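# Working through the structure, step by step
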Amino acid sequence: MAGEPDAFVFLGKRGGFLRGNNFRREAKWADALKEMGIKGLYFHDLRHTGNTLAAQSGASLADLEARMGHDSDRAALIYQHATRDADQKIADALSARVEAE
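Residues numbered from 1 in each chain as written. Predicted model: local features only at pLDDT ≥ 70, side-chain atom pairs only at ≥ 80, totals over all residues. Heavy atoms only, no water.

## Focus on the environment of Asn51
Quick note on the threshold: In this text, helices come from DSSP runs of H or I with a minimum length of four residues, and strands from runs of E with a minimum of two, each type numbered from the N-terminal end. Here the term buried applies to any residue with accessible area under 20% of the maximum for its type, exposed to any over 50%, and partly exposed to those in between, with areas from a 1.4 Å probe on protein chains only. When checking whether two residues touch, look at their non-hydrogen atoms; a contact exists if any pair is within 4.5 Å.
The topology assignment puts Asn51 in helix H3 (residues 43-56). On the basis of relative accessible area, Asn51 is assigned to the buried category, the value being 4%. Discounting chain neighbours no more than four positions away, the residues touching Asn51 are Leu64, Arg67, Met68 and Tyr79.

Next up, the structure:
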């Protein structure tokens with residue numbers, strides 16, 4: 001429903017969500033970007049950002065695969081690059097636990 005917090009931003013002519021193969025045309029993606037004054041942004045950039053943020057939030061490989069609709073680890077691993085800072089947090093937490101014991 002329009003106006004709902006989780007409503008789709010771009011809808012098809014009949015109010016349904018758009019599939020990838022017709023999204024750019026039906027959503028008038030280029031017109032929307034122009035109206036917002038944004039250049040050089042591709043729809044896939046939004047997907048990449050969303051999945052990177054999901055990986056940074058602690059999503060597992062399986063979570064990322066389900067979110068992206070993939071059935072291989074290879075695609076989901078692309079987004080794990082952004083979680084390298086999590087490695088330091090894990091090491092710090094392990095150290096704190098060992099020191100506490």
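Now that the structure has been shown, the text picks up again.
## Observations regarding the packing of H3 against helix H5 (residues 73-80)
Axis angle and axis distance: for two packed helices, these are the angle between their axes and the distance between the axes, and together they describe the pair. Heads up, the rule is: Only the stretch in contact is used when a helix axis is fitted, and all axes are lines through C-alpha atoms; the angle between N-to-C directions ranges over 0 to 180 degrees. Oblique is the label for any angle not under 35 degrees, not over 145, and not in the 65 to 115 range, which are roughly parallel, roughly antiparallel and roughly perpendicular in turn. Any residue that is not Ala, Val, Leu, Ile, Met, Phe, Trp, Tyr, Cys, Pro, Asp, Glu, Lys or Arg is counted as polar, Gly included; the first ten are nonpolar and the last four charged.
In the contact formed by H3 and H5, the axes pass within 8 Å of each other and the chain directions differ by 75 degrees. Judged on the interaxial angle alone, H5 and H3 are roughly perpendicular. Of H5, the residues touching H3 (which contributes His44, His48, Asn51, Thr52 and Ala55) are Ile78, Tyr79 and Gln80. Classifying every residue of the contact of H3 with H5 by side-chain character gives 3 nonpolar, 5 polar and no charged.

## Focus: the nonpolar core
The condition that has to hold: Definition used in this section: a nonpolar core is a set of buried Ala, Val, Leu, Ile, Met, Phe, Trp, Tyr and Cys residues joined via side-chain atoms within 4.5 Å.
Core analysis: the biggest nonpolar cluster contains 8 residues, these being Ala54, Ala55, Ala59, Leu64, Met68, Ala75, Ala76 and Tyr79. Counting residues per element, the ones that place at least two in this core are H3, helix H4 (61-68) and H5. No other element matches H5, which puts 3 residues into this core. Excluding anything up to four places from it in sequence, Leu64 contacts Asn51, Ala54, Ala55, Ala59, Ala76, Tyr79 and Gln80.

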